[in-house]
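Take a look at the letters that make up each chain.
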Amino acid sequence: MNDVTDISSLLERNKKWADGIREIDPDYFENLSHQQTPEFLWIGCADSRVPANQIIDLPPGEVFVHRNIANVVVHSDLNCLSVIQYAVEVLKVKHIIVCGHYGCGGVAASLEDQPHGLIDNWLQHIRDVYRLNADELSKIEDKQALLDRLCELNVVEQTHNVCNTTIVRDAWARGEELCVHGIVYSLQNGVLKELLAERRSD
Ligand code: CO
């Protein structure tokens, strides 16, 4: 796919990139270093094919990002909760995006019978999504269609989990403008599709 296999080539590519940007705007990094005012928090899958900034075509400084396997939001995950708190209370983002993707390896692994080790504990959250939606999912015979639908339902459930955090509930209670979106990405054509959006509920 590409010939970048060692750190020295990465550093070389980084230098060319930084030089290229400074050529266009000599103060770019200096200005960016003083502030970040993103409007968006992105909670996505760690999959290397789903890079937040590139997909929504936003430069550095415009989107605050948290990624983990299968874009799961767990009520006791201090890592994710801290990201949400900082984004909402300090950065004052206006939108939280939970972005899943079709063909998600984590979601697919949750459907398999064989053990995967430690990660099975994490994937259990996706099995919970299956159990919550078993009536619908058990009727889908085609394997690909089942995986696609579980990827979508995982986004829906994780979006609800974001909405149910004390952080988002408190922000809505304070009357803040904050919208939580559930979105799914297609690896096949690079297009995002919004599945649901939750605004202030009070
Ligand atoms: Co994935």
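Notes on the structure follow. Remember, it's a predicted structure, so these values are computed and weren't measured experimentally.

**Side note on the coordination of the cobalt ion**
Right, on to step 1. Distances from the cobalt ion to its protein donors, Cys45 (SG), His101 (NE2) and Cys104 (SG), fall at 2.0 to 2.3 Å.
Right, on to step 2. Taken in sequence order, the residues that donate to the cobalt ion follow the motif C-x55-H-x2-C.
Right, on to step 3. Residue Cys104 is classed as buried on the basis of its relative accessible area, which comes to 2%.

**Topic: the nonpolar core**
Right, on to step 1. Ranked by internal contacts, the top residues of the largest apolar core, which has 23 residues, are Leu41, Ile43, Ile84, Ile96, Val162, Val168 and Leu178.
Right, on to step 2. Those elements giving two or more residues to this core turn out to be β1 (40-45), α4 (78-90), β3 (95-101), α8 (143-163) and α9 (166-173).
Right, on to step 3. Dropping the residues within four chain positions of it, Val168 is found in contact with Ile84, Ile96, Val162, Cys163, Leu178 and Val180.
Right, on to step 4. Ranked by size, the runner-up nonpolar core spans 18 residues in total, among them Ala70, Leu123, Leu137 and Val184.

**Comments concerning the pattern of salt bridges**
Opposite charge on two side chains makes pairing possible when the charged atoms of those side chains draw close.
Right, on to step 1. Throughout the structure, instances matching the rule amount to nine salt bridges.
Right, on to step 2. In this structure, the salt-bridge partner of Arg174 is Glu176, at a minimum N-O distance of 2.8 Å.
Right, on to step 3. Through salt bridges with shared partners, a single network forms among Glu136, Arg149, Glu152 and Lys193.

**Some remarks on the packing of aromatic side chains**
Right, on to step 1. One pass over the full model with this rule turns up three aromatic pairs.
Right, on to step 2. Look at Tyr28 and Phe29: their rings are 5.1 Å apart centre to centre, the planes differ by 90°, and that puts the pair in the edge-to-face class.
Right, on to step 3. The partly exposed category is assigned to Phe29, whose relative accessible area is 26%.
Right, on to step 4. Considering the side-chain rings of Phe64 and Tyr86, the 5.7 Å spacing of their centres and the 35° angle between planes classify their relative orientation as tilted. Placement of the pair is Phe64 in strand β2 (residues 63-68) and Tyr86 in helix α4, with a sequence separation of 22 residues.
Right, on to step 5. One aromatic cluster in this structure is built from Trp17, Tyr28 and Phe29.

**Here we look at the environment of Leu32**
Right, on to step 1. As for its position among the elements, Leu32 is in helix α2 (residues 28-34).
Right, on to step 2. Sequence separation between Leu32 and Pro60 is 28 residues; the distance between their C-alpha atoms is 8.2 Å.
Right, on to step 3. Setting aside residues no more than four positions away along its own chain, Leu32 makes contact with Pro60 and Gly61.

**Quick notes on unusual backbone geometry**
Right, on to step 1. Non-glycine residue Asp57 carries a positive phi angle of around 55°.
Right, on to step 2. Turning to its location among the elements, Asp57 is positioned in the loop between α3 (52-55) and β2.
Right, on to step 3. Of note in the backbone geometry, Asn71 takes a positive phi value of approximately 40° without being a glycine.
Right, on to step 4. Within the fold, Asn71 resides in the loop between β2 and α4.

Thresholds, definitions, all that
- Residues numbered from 1 in each chain as written.
- Predicted model: local features only at pLDDT ≥ 70, side-chain atom pairs only at ≥ 80, totals over all residues.
- Heavy atoms only, no water.
- Donors = N, O, S within 2.8 Å, 3.2 Å for Na, K, Ca; no water.
- Buried < 20%, exposed > 50% of the residue type's maximum accessible area, 1.4 Å probe, protein only.
- Core = buried A, V, L, I, M, F, W, Y, C linked by side-chain atoms within 4.5 Å.
- Helix = DSSP H or I, 4+ residues; strand = E, 2+ residues; numbered from the N terminus.
- Contact = heavy atoms within 4.5 Å.
- Salt bridge = Lys/Arg side-chain N within 4 Å of Asp/Glu carboxyl O.
- Phe/Tyr/Trp six-rings, centres within 6.5 Å; stacked < 30°, edge-to-face > 60°.

Note that every value here comes from positions in space, so none of it alone points to a role or purpose.
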